[in-house]
Amino acid sequence: MFRKHLQKTEGGFLGPRIAPGCPLFPLINQKIIFEILNAQKENLRISKYYMISPAKSTSFIFGISESFVDNRNLCNTCVSNRNCIQNTSNISYLR
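From a predicted model like this one, the values you see are computed outputs, not experimental measurements.

Just checking my understanding: could you explain the confidence of the model for the chain for this structure?
The predicted structure's coordinates, where accompanied by low pLDDT, should not be read in detail. Per-chain confidence: the chain averages 76 in pLDDT, with 63% of residues scoring 70 or above. The secondary-structure element of the chain with the lowest mean pLDDT is helix α3 (residues 74-77), recorded at 65, while strand β2 (residues 45-46) shows the highest, at 92. Throughout residues 90-95 the model reports pLDDT below 50, and contacts reaching past four residues in sequence, or to other chains, amount to 8 contacts.

When you look at unusual backbone geometry in this model, what are you seeing that I'm missing?
Trans is the common state for peptide bonds, and a negative phi is the common state for residues other than glycine. The omega torsion of the bond from S53 to P54 falls at 10°, within 30 degrees of zero and hence cis. A positive phi is found at Y50, a non-glycine position, where the angle reads about 70°. With respect to the helices and strands, Y50 occurs in the loop between β2 and β3 (52-53). Taking the relative accessible area as the measure of exposure, Y50 reaches 25% and is therefore partly exposed.

Looking at this model, I keep getting lost on the pattern of salt bridges. Mind explaining?
Note on pairing: side chains with opposite charge can pair once their charged atoms come close. Taken as a whole, this structure holds 1 salt bridge when the rule is applied. Here E35 ties to K31 by a salt bridge, and the two come within 4.0 Å at their closest N and O atoms. On the criterion of helical spacing, the pair formed by E35 and K31 is a turn pair, its members being 4 residues apart in helix α2 (residues 29-36).

What exactly am I supposed to notice about α2 here?
The periodicity of an α-helix, 3.6 residues per turn, causes residues three or four positions apart to be oriented the same way. Residues N29, Q30, I33 and F34 constitute the buried set of α2. The arc that holds the buried residues of α2, viewed along the axis, is 145°, so those residues lie on one side. Across α2 from its buried face, at more than 90 degrees, point the exposed residues E35 and I36. Buried residues in α2 make contact with β2, β3 and β4 (61-65). Phi for N38, located one or two positions after α2, is positive at around 50°.

Cut-offs applied
Residues numbered from 1 in each chain as written. Predicted model: local features only at pLDDT ≥ 70, side-chain atom pairs only at ≥ 80, totals over all residues. Heavy atoms only, no water. pLDDT = per-residue confidence, 0-100. Helix = DSSP H or I, 4+ residues; strand = E, 2+ residues; numbered from the N terminus. Contact = heavy atoms within 4.5 Å. Buried < 20%, exposed > 50% of the residue type's maximum accessible area, 1.4 Å probe, protein only. Salt bridge = Lys/Arg side-chain N within 4 Å of Asp/Glu carboxyl O. Arc of directions from axis to C-beta.

Take a look at the structure:
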């Protein structure tokens, strides 16, 4: 739903959702997102190890581009693609 809204209002396309701690996006980025969003106003806290509380709180980013990006090809370039649960080609029952 958010993707369709963005395309209509901004003319852009969302890339994959990327969370701090994922390969190629170190956990320290959680602090940067936390500061940009001023998350303390929402009673969120971040530890010196970049963990957010209360528990089950998460952060992530989306890239935005002017043209469509086929996210399925990103798995082929990722250093962790063989062990990643997001890469559906690793799930034997889907083959």
